[in-house]
Amino acid sequence: MLENFTQYFDGSLWGIGLGRVAAAFGMLILILICKKVFAHLYERILLPLTEKTANHYDDLLLRGVKKPAELLILILGLFVVVQILQLPSEPLNAERFAYSLLKVLITFDIAWALFNSVTLLEVYLGRLVRKTESELDDHLLPFVRKSLRVFIILMAVLMAIQNLGYSISGLLASLGIGGLAVALAAKDTLANVFGSIMIILDRPFHIGDWVKAGELEGTVEEVGFRSTKIRTFAKTLISVPNSVITNMAVDNFSRMPKRRIKLTIGVTYESTPAQMREAVAQIRTLLQNHPAIDQEFLLVNFTDFGASSLDILVYCFTTTTVWGEYLEAREDVCLQIMERLEALGLEIAFPSRSVYLRGQQDDGLPAPAGAAA
C-alpha cells in the first residue's frame, strides 16, 4: 500500500504517468459518448432512409450490423486508449497483450456482423424457394443457415486463437485427420445429402409425381435429406437413398403432356381390299372427330400380314393425362372401332391354326405315318 501511495505521489501508476491515465480516461468517456451519438444517428437517420427503398434487404442488413458497428467504434477507441497509456513491456509485455485482445475483439465483432447477415441471405433464398414446387428446398434452407453460422463461429474461434499468439497449424492438422475419419464414417450420409441437393437442382420429380426408376414405380410421397419415399401402387412404402435414386434413370409419367394410345387391330383374312380401305378410313375419321383425341399427331394404317390376321396400326394421343380419364377415352375408342368393323362385316381375328389331313391311299391301305400336314 505504501509503495502504491508513493507511486501516486511521484506522479505515476505502475509505471504509467498520471497525465496519460487521465487522458486515457477522458478518451474513454469521449468514446462512450460517440458510441451513444452514433447509435442515435443510426436509429434516427440511417434506418429511416433505408425504409423508404423498395426492397427490404438494406433494412435487414443495417439492422443486423447496427450492434457490431457500435462495438467497432468502442474497439477503435480502445486502440487509441492503449496508444495513450503506453503500457509497459516489462516484466510483462502488457501493450502486446492488450493489442492481441483488441484484435480478438475485432475478429468476433466482424464474425458477429457476418452471423447476423446470414438472415439477409436466408430471406433472399427463401423468396426463391417459395417459387419452386418442391418442398425439399424448404427443409434445406434452415440447414444452410445453420451450416453458415457454424462455419462463421468456427473461423472466428480459429482466428482468435491465432491472434492470441498460438499456432493453429497443429489444431488444423488434428481437425483434418478427425474430419477425414468423420467423412469416411459418414460417407453414405454425405452422399445422400449431396443427392438431395442434386434433386433440388435438377428437379427430376416433385411430391405427388408418378415415377418409375428401375424396378421401382409409384408416387413420390416425400423427399428428405437422406432418402426419397415412394408409395407403390400396391400401397407399400419404399425408401430409396438419394445417392441411389440420383444415379438412376427416372421416368416421370406425370410430366407427360399427353398420353399415348397404341393399338394393333387384326381382322380375318376373309376381308377384301375394299373392306380394309374402308375400315382404315372410318377409324381415321373416328379419331379426327373424337373430342378426347389430340389432333396434332395420329396414324391409322394397314401395316402387316400377320400370322393369323391383317393388322391395322392405330397410333394417337389423348388430350388428358389423368389416368382414369385416359382409360375412359381409350375404352370409347375401342368400342367405336368395334362398331365400325361390325358394320362393315369384318371380324376381329384371333390366333388360329389350320391342319390339313391326307385321306387313305387308293389301294385302301392306311396312310403312312407322318403323312399328315
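The following refers to the structure shown. Since we're looking at a predicted model, the values are computed, not measured.

**Observations regarding the side chain of T107**
The topology assignment puts T107 in helix α4 (residues 94-130). On the basis of relative accessibility, which here comes to 10%, the residue T107 falls in the buried class. Discounting residues that sit within four places of it in the chain, T107 has contacts with A156, M159, A160 and N163.

**Quick word on helix α3 (residues 57-85)**
Since one α-helical turn is 3.6 residues long, residues separated by three or four positions face the same way. End to end, α3 covers 42 Å across 29 residues, agreeing with the expected 42 Å (1.5 Å per residue, within 8%). At K66, α3 shows its largest kink, close to 40°, and the proline P68 lies no more than four residues downstream. Turning to α3, its buried residues are D59, L62, G64, K66, P68, A69, E70, I75, G77, V81, V82 and L85.

**Some words on the nonpolar core**
By size, the foremost hydrophobic cluster in this structure holds 22 residues, and its most contacted members are I265, L287, I293, I312, V314, I337 and L341. Of all the secondary-structure elements, those providing two or more residues to this core are β8 (259-267), α9 (273-289), β10 (310-318) and α10 (323-343). When residues in this core are grouped by element, the largest group, six residues, is from α9. Residues contacting V314, with those up to four places away along its chain left out, are I261, K262, L263, I265, I283, L287, L299 and I337. Residues I199, V211, V223 and I245 belong to the second largest nonpolar core, which totals eight residues.

**Comments concerning the packing of aromatic side chains**
To describe a pair of aromatic rings, one takes the distance between the centres and the angle between the planes. Applying the stated criterion to the full structure yields seven aromatic pairs. Plain terms: the ring middles of W210 and W323 are 5.9 Å apart, the flat faces sit at 75° to each other, and that makes the pair edge-to-face. Of the two residues, W210 sits in strand β3 (residues 210-213) while W323 sits in helix α10, which places them 113 residues apart along the sequence. Judged by its relative accessible area of 47%, W323 falls in the partly exposed class. Judged by centre distance (5.4 Å) and plane angle (75°), the rings of F302 and F305 are edge-to-face. F305 sits in the exposed class, given a relative accessible area of 65%. Over the ring of F115 we find R149; its NZ or CZ atom is 4.6 Å from the centre of that ring.

**A word on unusual backbone geometry**
Most peptide bonds take the trans configuration, and most residues that are not glycine carry a negative phi. The phi angle at K235 is positive, at roughly 70°, despite the residue not being glycine. Relative to the elements of secondary structure, K235 occurs in the loop between β5 (227-232) and β6 (237-241).

**With respect to the sheet that holds β5**
Judged by pairing direction, the sheet is antiparallel, and its five strands sit side by side in the order β6-β5-β4-β3-β7 without closing on themselves. Either end of the sheet is taken by a strand with one partner, and the two such strands are β6 and β7 (250-252). Strand-to-strand, the axes of this sheet are offset by a mean angle of 40°, without reference to chain direction.

**Comments concerning the sheet that holds β10**
Whether parallel or antiparallel, the strands of a sheet pair through hydrogen bonds between backbone atoms. The sheet built from three strands is open, its strands ordered β8-β10-β9 with antiparallel pairing. At either end of the open sheet lies a strand with only one pairing partner, and these are β8 and β9 (299-305). Across this sheet, the average inter-strand angle for adjacent strands is 20°, counted without regard to direction. Pairing geometry for β9 and β10, over six bridges, is antiparallel. Across the sheet, the residue bridging to L299 is Y315, located in β10. Here α9 sits on the sheet and contacts β8, β9 and β10; the angle it forms with β9, its principal contact strand, is near 150°. Sheet contacts for α10: β8 and β10; angle to β8, the most-contacted strand, approximately 25°.

About the thresholds
- Residues numbered from 1 in each chain as written.
- Predicted model: local features only at pLDDT ≥ 70, side-chain atom pairs only at ≥ 80, totals over all residues.
- Heavy atoms only, no water.
- Helix = DSSP H or I, 4+ residues; strand = E, 2+ residues; numbered from the N terminus.
- Buried < 20%, exposed > 50% of the residue type's maximum accessible area, 1.4 Å probe, protein only.
- Contact = heavy atoms within 4.5 Å.
- Expected span 1.5 Å × (residues − 1).
- Bend = angle between axes of the 7 residues up to and from the residue.
- Core = buried A, V, L, I, M, F, W, Y, C linked by side-chain atoms within 4.5 Å.
- Phe/Tyr/Trp six-rings, centres within 6.5 Å; stacked < 30°, edge-to-face > 60°.
- Lys NZ or Arg CZ within 6 Å of the ring centre and 35° of its normal.
- Pairing = 2+ DSSP bridges.
- Axes fitted to C-alpha atoms, helices over the stretch in contact; angles between N-to-C directions.

Remember, this is a structural readout, not a statement about activity or role.
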